[in-house]
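Chain by chain, the residues run as shown.
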Amino acid sequence: MEKRKAALHNLGCKVNSYETEAMQQLLEEAGYEIVPFAPGADVYVINTCTVTNIADRKSRQMLHRAKKMNPEAIVVAAGCYVQASREEAEQDASIDLIIGNNQKKDLPYILEKYRENQGKTAWVEDLSHEHDYEELTISRTAEHTRAYIKVQDGCNQFCSYCIIPFTRGRVRSRKVTEVQREVQELAKGGFQEIVLTGIHLSSYGKDLDGSLIGLIEALHDTEGIQRIRLGSLEPGIITDEFIRRLKQLPKVCPHFHLSLQSGCNATLKRMNRRYTIEEYMEKCRMLREAYPHPALTTDIIVGFPMETEEEFETTKRSLEQISFYETHVFKYSRRKGTRAAVMEGQVDERVKTRRSEILLALDRENRKKYEASLLGTIQEVLFEEAITLEDKPYFVGHTKEYVRIAVPRKEGLSNKILQVRVEEERTGDVLKAELLEK
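Definitions and cut-offs
- Residues numbered from 1 in each chain as written.
- Predicted model: local features only at pLDDT ≥ 70, side-chain atom pairs only at ≥ 80, totals over all residues.
- Heavy atoms only, no water.
- UniProt positions renumbered as here; feature names shortened; annotations may be inferred.
- Helix = DSSP H or I, 4+ residues; strand = E, 2+ residues; numbered from the N terminus.
- Buried < 20%, exposed > 50% of the residue type's maximum accessible area, 1.4 Å probe, protein only.
- Areas by Shrake-Rupley, 256 points an atom, 1.4 Å probe, with all protein chains shown as cover.
- Lys, Arg positive; Asp, Glu negative; His and termini not counted.
- Charge placed at Lys NZ, Arg CZ, Asp CG, Glu CD.
- 1 Å grid on protein atoms, 1.4 Å probe; cavity = no way out; pocket = protein on both sides within 12 Å on 5 of 7 lines; lining within 4 Å.
- Points joined across faces, edges and corners; volume = space filled by probe spheres on them.
- Nonpolar A, V, L, I, M, F, W, Y, C, P; charged D, E, K, R; others polar.
- Pairing = 2+ DSSP bridges.
- Axes fitted to C-alpha atoms, helices over the stretch in contact; angles between N-to-C directions.
- Core = buried A, V, L, I, M, F, W, Y, C linked by side-chain atoms within 4.5 Å.
- Contact = heavy atoms within 4.5 Å.
- Arc of directions from axis to C-beta.
- Phe/Tyr/Trp six-rings, centres within 6.5 Å; stacked < 30°, edge-to-face > 60°.
- Lys NZ or Arg CZ within 6 Å of the ring centre and 35° of its normal.
- Salt bridge = Lys/Arg side-chain N within 4 Å of Asp/Glu carboxyl O.
- Parallel < 35°, antiparallel > 145°, perpendicular 65-115°, else oblique.

Under an unreviewed UniProt entry, the name given to the chain is Threonylcarbamoyladenosine tRNA methylthiotransferase MtaB, and the source organism is Candidatus Limivivens merdigallinarum. Per UniProt, the comment on the chain under Sequence similarities (unreviewed entry) is "Belongs to the methylthiotransferase family. MtaB subfamily." Per its UniProt entry, the chain bears the Catalytic activity (unreviewed entry) comment "N(6)-L-threonylcarbamoyladenosine(37) in tRNA + (sulfur carrier)-SH + AH2 + 2 S-adenosyl-L-methionine = 2-methylsulfanyl-N(6)-L-threonylcarbamoyladenosine(37) in tRNA + (sulfur carrier)-H + 5'-deoxyadenosine + L-methionine + A + S-adenosyl-L-homocysteine + 2 H(+)".

**Quick look at the overall build of the chain**
Within the chain, the regular secondary structure consists of 13 helices and 18 strands. The principal-axis extents of the C-alpha atoms in the chain amount to approximately 65 × 60 × 50 Å. Every one of the 438 residues in the chain was classed for burial, and the buried ones make up 55%. Accessible surface, the chain: about 19,600 Å² in total, of which carbon and sulfur atoms supply 49%. Seen as two clouds, the 65 positive and the 69 negative side-chain charges of the chain have centres 2 Å apart.

**With respect to the layout of surface pockets**
A volume near 360 Å³ is recorded for the second largest pocket. Taken together, 21 residues make up the lining of the second largest pocket; nearest its centre are S202, K206, E234, G236 and I237. Every element with two or more residues in the lining of the second largest pocket is listed here: α8 (212-220) and α11 (277-290). For the lining of the second largest pocket, the per-class residue count stands at eight nonpolar, seven polar and six charged.

**Some thoughts on the sheet that holds strand β14 (residues 378-389)**
The five strands lie next to each other as β14-β15-β16-β18-β17, forming a closed barrel whose pairing is mixed. Going across the sheet, the axis of each strand differs from the next one's by a mean of 45°, ignoring polarity. Sheet topology note: the strand β16 (residues 404-408)/strand β18 (residues 430-435) ladder contains two bridges and is parallel. Each residue of the ladder has a partner; that of A406, found in β18, is K432.

**Re the nonpolar core**
Side chains of nonpolar character tend, in soluble globular proteins, to be buried together. Counting residues in each nonpolar core, the largest one holds 50 residues, and the members touching the most others are L196, L212, I216, L233, L260 and Y280. The greatest single-element share of this core, amounting to six residues, is contributed by α11. What L233 contacts, discounting residues up to four positions off in sequence, is L201, S202, L212, I238, F256, H257, L258 and S259. Core analysis: the next-biggest nonpolar cluster, separate from the first, contains 21 residues, A55, L63, M69 and V82 among them.

**Considerations on helix α9 (residues 240-247)**
Here α9 has its buried residues at F242, I243 and L246. An end-on view of α9 places all buried positions within 95° of arc, on one side of the element. Where the residues of α9 are buried, they touch α8, β11 (255-257) and α11.

**Remarks on the packing of aromatic side chains**
Applying the stated rule across the entire model yields nine aromatic pairs. Ring geometry for F37 against Y44: centres 5.5 Å apart, planes inclined by 80°, an arrangement best described as edge-to-face. Here the aromatic cluster, defined as three or more aromatic residues joined through ring pairs, consists of Y161, F304 and Y332. Between K14 and the ring centre of Y148, over which it is positioned, the NZ or CZ distance is 4.4 Å.

**So, the sheet that holds strand β9 (residues 193-198)**
Pairing is mixed across the open sheet formed by four strands, whose spatial order is β8-β7-β9-β10. Looking at which strands have only one partner, the edges of the open sheet turn out to be β8 (172-173) and β10 (227-230). Both β9 and β10 contribute to a ladder of four bridges, which runs parallel. Within β10, the residue paired with V195 across the bridge is R229. Sitting on the sheet, helix α1 (residues 14-29) is in contact with β7 (146-153) and β9, with an inclination near 105° to β7. Sitting on the sheet, α8 is in contact with β7, β9 and β10, with an inclination near 155° to β9.

**Details of the side chain of D363**
Locating D363 in the fold gives a position in helix α13 (residues 349-372). By relative accessible area, D363 is classed as buried at 4%. Sequence-distant contacts of D363, that is, excluding residues within four places in its chain, are made with Y325, E326 and T327.

**Topic: the pattern of salt bridges**
Pairing between side chains becomes possible if they bear opposite charge and their charged atoms approach one another. As enumerated under the stated definition, the model contains 39 salt bridges in all. Note that D153 is salt-bridged to R168, the shortest N-O span being 3.2 Å. Note that D153 is positioned in strand β7 and R168 in helix α6 (residues 164-168), a separation of 15 residues in sequence. Across the pair, R168 and D153 agree in class, each one buried. Put simply, R229 and E193 hold a salt bridge, and the shortest N to O gap is 2.8 Å. With a gap of 36 residues between them, R229 in strand β10 and E193 in strand β9 connect regions that are remote in the sequence.

**Considerations on the UniProt feature "domain: MTTase N-terminal" (unreviewed entry) in the chain**
With numbering matched to this structure, UniProt assigns "domain: MTTase N-terminal" (unreviewed entry) to residues 4-116. Across residues 4-116, the secondary structure splits into 47% helix and 20% strand, with the terminal C-alpha atoms separated by 16 Å.

**Some words on the side chain of K400**
With respect to the helices and strands, K400 occurs in the loop between β15 (392-399) and β16. Buried charge without a salt bridge: K400, with E380 as the nearest opposite-charge side chain at an N-O distance of 4.8 Å. Excluding residues that lie within four positions of it along the chain, K400 makes contacts with R227, R229, P250, K251, V252, C253, P254, H255 and E380.

**A closer look at the packing of α1 against helix α5 (residues 107-117)**
In contact at an axis separation of 9 Å, α1 and α5 are set at 60° when each is read in the N-to-C sense. Comparing the axis directions of α1 and α5 gives the class oblique. Residues M23, L26 and L27 of α1 pack against L107, P108 and L111 of α5. Across the contact of α1 with α5, the residue classes tally to six nonpolar, no polar and no charged.

See below:
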């Protein structure tokens, strides 16, 4: 009997990417052949996103595209969009099967049940009272050197612009032993770097009487793992105790993505962000005091409802003062179902675009300044892949601070950690360096 063919497509965040890879491995174990997202599959699984109205639209577009590619195929809508908009999904003729968050682990079983019943089915739970972590695991990943590991789901913060607590539910953490087991498997598979991710990573362990630092300590001595990188953190997790324990763990990368969203206290209050810019700056100071040259990165939303020109200028001054390595700038996008969507003072799109361009220009300056400070220094790089740069062969990888480095070489460096001397400023998205070890 010919194997059934399944194609998967992911939309959204790193947590979604992890879950898509986990669902793919579940399908493979159930006997499916995984094929590209193109005409010819028997099953199309789209792991959807709903973080903005645009994400909703992209999710619907991919679902409709899948049905057009093979009208006879089973089209599965999984994840956040259907969790938030179940009724809309049930009325969409392109969707055959609806699977909410916390049900993805049952995908092969649900597909079999669907074939038995041959009718549109929705497997969506109300996550507002869900306390169990959905146990999905991976033993390999599309990347060959770095593995993203989901350790936490849900969020209790209720920022006024965000729908995620309603689509992902309350904080649920994965047991330390389960994370350890997965990391050990990935290490056996040759992965040297792991990235801990979650919907609200800083909340890890609050439902288990544990903590994120406790999890990192438990993973640190895993044989074969050379680097532990942390996903997005909330500033509140940065305390003297957290830093003291973190500094005792040399495998932890000094690359800290501290979510900011605005550099103005009035805007932060409307966002329900629960810290001030002064408190945030203090956390940055603590990290820079603890590590010689850490890479601090962040997210900023411009054009939040009622953001005045003065508030925007305050944010800009804050960013100039902090001087991040990288700033991811997002124009505020109205999301139905959030408090911010019904706030007065919605900002004109042209104003958002202008403010975004100003902060993106500042980001380019800051990045150049940080990278210029690396010239002539010796850095440790985990090499990943061969590329062509200016018609010449190079091999690229990342430092612990997640700076992309290229050395002249066409082969033989994949998954090796070697020392380089940084020689030239950015060409495209890489710094050029000389390999010190052969």
